[in-house]
Each structure stands twice: as structure tokens, then as C-alpha cells.
Amino acid sequence: MARIGFIGVGNMGGPMARNLMKAQHTVTAFDPLDTALAAIVEAGAVQATSAAAAVEGADAVVTMVPAGPHVREIYLGAGGIIAAAAPETLLMDCSTIDVTTARNVAGAAAERGLDMVDAPVSGGTGGAIAGTLTFMVGGSEAAFAKARPILEHMGARIVHCGPAGNGQAAKVCNNMMLAINMLGVVEGFTLADNLGLDRQVLFDVVANSSGQSWAVSSYCPVPGPVPASPANNGFQPGFTADMMVKDLRLARDAAMKSGTGTPMGALAEALMALHVSAGNGPRDFSSIIETIRAGG
Ligand code: NAD
């Protein structure tokens, strides 16, 4: 079994590291947040005092931190992972970040002869706990072959998306589509309320019709039809509106750099940002239904 350095053990990284330990891997963890680090040490991880210390003697490293600047600092900064890692160490960044940073960091790793993949996930905290995440992996065939058996302990679907950065490309496309889909579902249920149409009836029709999407059938933004959706729980996340705005900004950045018109993505970003500016950032992103209702 492998010795794995795990950096960033928050809402996602914590349960992912637990699943690696369940599979008999040895995990050495670092997180600047004392409560996050203490929780994973309590679950059996070895405590490290810095990212570089977590990497020492590791066969593989997983990072799961908030955003691109954190990834740049952890990998490229003074005392960073790329300088600290031994030549055979496999590097896996599972954070959701911009494509350009993912490619730059992978390039810096390659200059030192280190294999690296970007491997962002979909499936949320529920998927992280259950070990059923989907990993979208960018990197060489050789790096993917090394990463796959480790990622399989944390996920149910491991998809090779192409060279470095393509995992992040798949992730931003997916989340932009999700935000656009959710706004469509939210408008449909708001209109139904105003037309006197029962929500359950609309759900039963749409879940089996051409309006169907994951946003309606698994994550319905009104209470009732899908008991596990955040709408039944005061919109506790789930996936926060803050995170969705971050991902829509990543999609916009990627669209601008590639010269792609994404007007629906831009509108979804503007509406989500408005929702966040009203204090809804920490709530589930499907709570956008309240802002759409209020705007009617
Ligand atoms: P989180 O804030 O709960 O966890 C991030 C952790 O990283 C925190 O514990 C933080 O202290 C730590 N961290 C910050 N800077 C660090 C540093 N320099 N060194 C080491 N650790 C550092 O966030 P999360 O929900 O676990 O999300 C992590 C990533 O996963 C994000 O990129 C997010 O977009 C992505 N993601 C989240 C979800 C979700 O549902 N929460 C779903 C898919 C993808």
C-alpha cells in the first residue's frame, strides 16, 4: 500500500483521505486549519506541519484546496511540493482551478521529471464520503495509469480527459452546464407556482419528459419531490453558491482565453453573483430559486 501525502483536508479532502486510509494506504496530512487537521489525525492520519513535510517520503500526493492561488502557492512557492517531492512521487491535484494554472503547474512538475495529473471531481460531499466521486483526469497516459488505482479508492468513475489541464476543462464545462440547467429548472418551478400548478405534478411530468436534467431529478430546488435535495433542508450545502460563482468565473476565464461565446454561462454567473451578494454564498446554489422568485 502507498504512502500518501494529503494536503487540504476540508469538506471534500477530509472524507477522501478517510477512504484512502480505509483502503489501507498510509496518509500524512497537512492543513493550516487546525480543526480540519485534528479531525483527520483523529481518524488515523499522520500529522504534518507543512505541505513539504507531508510530501516527504510519499509515493503519491493529493491536494484538495480551494482555488488556483492556493495550488500555485503549495506547488510552486518556496518550500513547495515540486521542490520537496522525490523523483518517483506522483502528484494529483483534485481542486477545481483554472485550466491555465493546472497546465503551468504540470509543466513545472514535468521540468523536474515528476508525473502530475489534474483530477477535479464531481459528486459533492456525499460522493466524497461514499467514495463514489467522478474524477476528470488530465495528464499523460503514464501519469493516468499511475493515478487510476489510487483515485479508484475515492471514486466510482475515473475518466481520462486528455493531456494536462483537460480534467479542469471538463470540470468547468460540466459546472457551467449545471448552473444553466439549474436556472432553467428554477424558472420552470417558479412559473408553475404562479400558474397554480402543483410542484409534485410538474416534477412527475418533467422527470420523464424532455425538460429532464440532473438539476430536476436529483437536485430539485423545491421541497418534496426529491427528499434528499438541499431544498428540503433549508438549502444547507451540498454545493455552495460561493463555489458555483467561483466555477462560473473559471468558465468565463476559459471562454475568454479560447475565444468562445458563452452568453448563457455569463448570465448564470451574473445571477449567481447577485444571489451571493445578498448573503447567500454559504448556502446551496439551488437556493437561487429565492432570488428568481423575488425578482418576479
Ligand atoms: P474546504 O474549504 O472545505 O476545504 C479546503 C481546505 O483547504 C481547507 O481545510 C483549507 O484550510 C485548506 N487549505 C487552504 N489553503 C491551504 C494551504 N495553503 N495548504 C493546505 N491546505 C490549505 O473546500 P472543499 O469544499 O473541500 O473544496 C475543495 C475543492 O474541491 C475546491 O476547489 C472546490 O471547488 C472543489 N469541489 C468542491 C465540491 C463540494 O461540494 N464542496 C464539489 C466538487 C469540487
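Computed from a predicted model, the values in this text were never measured in an experiment.

**Some words on the overall build of the chain**
Okay, step 1: Of the regular secondary structure elements, the chain holds 14 helices and nine strands.
Okay, step 2: By the compact-globule yardstick of 19 Å for 296 residues, the chain fits well, its C-alpha radius of gyration being 20 Å.
Okay, step 3: Taken along its principal axes, the extent of the C-alpha atoms in the chain is 65 × 45 × 35 Å.
Okay, step 4: The 296 residues of the chain split such that 49% are buried.
Okay, step 5: Carbon and sulfur atoms make up 58% of the accessible area of the chain, which amounts to about 13,000 Å² in all.
Okay, step 6: Of the charged side chains in the chain, 17 are positive and 24 negative; the average position of the first set lies 1 Å away from that of the second.

**Section: the site of the ligand**
Okay, step 1: What surrounds the ligand is a group of 25 residues, the closest being Asn11, Met12, Asp31, Pro66 and Lys246.
Okay, step 2: Within the backbone of Asn11, an N or O atom sits 2.9 Å from an oxygen atom of the ligand.
Okay, step 3: Contact between the ligand and Thr96: an oxygen atom at 3.0 Å from a main-chain N or O atom of the residue.
Okay, step 4: Against a free-state accessible area of 820 Å², the protein chains account for coverage of 88% of the ligand.
Okay, step 5: When contributions to the shell around the ligand are tallied by element, the ones reaching two or more residues are helix 4 (68-76), helix 7 (124-130) and helix 12 (241-258).
Okay, step 6: Tallying contributions element by element places helix 4 first for the shell around the ligand, with three residues.
Okay, step 7: Among the residues forming the shell around the ligand, the class breakdown is 12 nonpolar, nine polar and four charged.

**Topic: the pairing of strand 2 (residues 26-30)**
Okay, step 1: As paired strands, strand 1 (residues 3-7) and strand 2 are joined by five bridges and run parallel to one another. Among the inter-strand pairings, Gly5 is bridged to a residue of strand 2, identified as Thr28.
Okay, step 2: Considered for its hand, the β-α-β crossover made up of strand 1, helix 1 (residues 13-22) and strand 2 is right-handed.
Okay, step 3: As paired elements, strand 2 and strand 3 (residues 46-47) share two bridges and run parallel to each other.

**A few points about the pairing of strand 9 (residues 155-162)**
Okay, step 1: The pairing of strand 8 (residues 133-138) with strand 9 spans six bridges and is parallel. Residue pairing for strand 9: Phe135 is matched across the bridge by Ile158.
Okay, step 2: Note that the unit made of strand 8, helix 8 (residues 141-151) and strand 9 has a crossover that is right-handed.

**Side note on the nonpolar core**
Okay, step 1: In terms of nonpolar packing, the biggest core is built from 35 residues, with Phe6, Met16, Met92, Phe135 and Leu151 touching the most fellow members.
Okay, step 2: No other element matches helix 8, which puts five residues into this core.
Okay, step 3: If we ignore the near neighbours within four places in the chain, the residues touching Phe6 are Gly13, Met16, Ala17, Leu20, Val27, Thr28, Ala29, Phe30, Val62, Met64 and Met154.
Okay, step 4: Judged by nonpolar contacts, the second largest core, of 33 residues, contains Leu183, Ala192, Val206 and Ala241.

**A few points about a nonpolar patch on the surface**
Okay, step 1: A surface patch of nonpolar side chains, about 450 Å² in accessible area, is lined by Leu191, Leu195, Leu197, Val201 and Val205.
Okay, step 2: Position of Leu197 among the secondary structure elements: in the loop between helix 9 (166-194) and helix 10 (199-206).
Okay, step 3: A relative accessible area of 36% means that Leu197 is categorised as partly exposed.

**What about the packing of helix 12 against helix 13 (residues 263-280)?**
Okay, step 1: Relative orientation of the contacting elements helix 12 and helix 13 amounts to 150°, with a least axis distance of 9 Å. Here helix 12 is positioned roughly antiparallel relative to helix 13, judged by the angle of their axes. In this structure, helix 12 meets helix 13 at a crossing whose hand is left-handed. Note on element contacts: helix 13 touches helix 12 through Gly265, Ala268, Glu269, Met272, Ala273, His275, Val276 and Asn280, opposite Ala241, Asp242, Met244, Val245, Leu248, Arg249 and Arg252.
Okay, step 2: The class makeup of the residues in the contact of helix 12 with helix 13 is eight nonpolar, three polar and four charged.

**Focus: the packing of aromatic side chains**
Okay, step 1: Taken as a whole, this structure holds three aromatic pairs when the rule is applied.
Okay, step 2: Ring geometry for Tyr219 and Phe285: centres 5.7 Å apart, planes at 25°, overall stacked. On the criterion of sequence distance, the pair formed by Tyr219 in the loop between helix 11 (214-217) and helix 12 and Phe285 in the loop between helix 13 and helix 14 (288-294) is long-range, its members being 66 residues apart. Each member of the pair, Tyr219 as well as Phe285, is classed as buried.
Okay, step 3: Their ring planes at 80° and their centres at 6.0 Å tell us that Phe239 and Phe285 sit as a pair that is edge-to-face. Within this pair, whereas Phe239 is found in the loop between helix 11 and helix 12, its partner Phe285 is found in the loop between helix 13 and helix 14, the two being separated by 46 residues in sequence.

**Some points on unusual backbone geometry**
Okay, step 1: Omega for the peptide link from Pro237 to Gly238 comes to 10°, which places this bond in the cis form.
Okay, step 2: The residue Gly238 is located in the loop between helix 11 and helix 12 in this model.
Okay, step 3: A positive phi angle, close to 60°, is found at Phe235, a residue other than glycine.

Cut-offs used in this document
Residues numbered from 1 in each chain as written. Predicted model: local features only at pLDDT ≥ 70, side-chain atom pairs only at ≥ 80, totals over all residues. Heavy atoms only, no water. Helix = DSSP H or I, 4+ residues; strand = E, 2+ residues; numbered from the N terminus. Rg over C-alpha atoms; globule rule 2.2 N^0.38 Å. Buried < 20%, exposed > 50% of the residue type's maximum accessible area, 1.4 Å probe, protein only. Areas by Shrake-Rupley, 256 points an atom, 1.4 Å probe, with all protein chains shown as cover. Lys, Arg positive; Asp, Glu negative; His and termini not counted. Charge placed at Lys NZ, Arg CZ, Asp CG, Glu CD. Near = heavy atom within 4 Å. Polar contact = N/O pair within 3.5 Å; in protein donor to acceptor, adjacent residues only side chain to side chain. Nonpolar A, V, L, I, M, F, W, Y, C, P; charged D, E, K, R; others polar. Pairing = 2+ DSSP bridges. Right-handed = clockwise from strand over helix to strand, strands pointing away. Core = buried A, V, L, I, M, F, W, Y, C linked by side-chain atoms within 4.5 Å. Contact = heavy atoms within 4.5 Å. Patch = residues over 30% accessible without salt bridge, like charges linked within 9 Å, V, L, I, M, F, W, Y side chains within 5 Å. Salt bridge = Lys/Arg side-chain N within 4 Å of Asp/Glu carboxyl O. Axes fitted to C-alpha atoms, helices over the stretch in contact; angles between N-to-C directions. Parallel < 35°, antiparallel > 145°, perpendicular 65-115°, else oblique. Left-handed = near helix turned anticlockwise from the far one by under 90°. Phe/Tyr/Trp six-rings, centres within 6.5 Å; stacked < 30°, edge-to-face > 60°.

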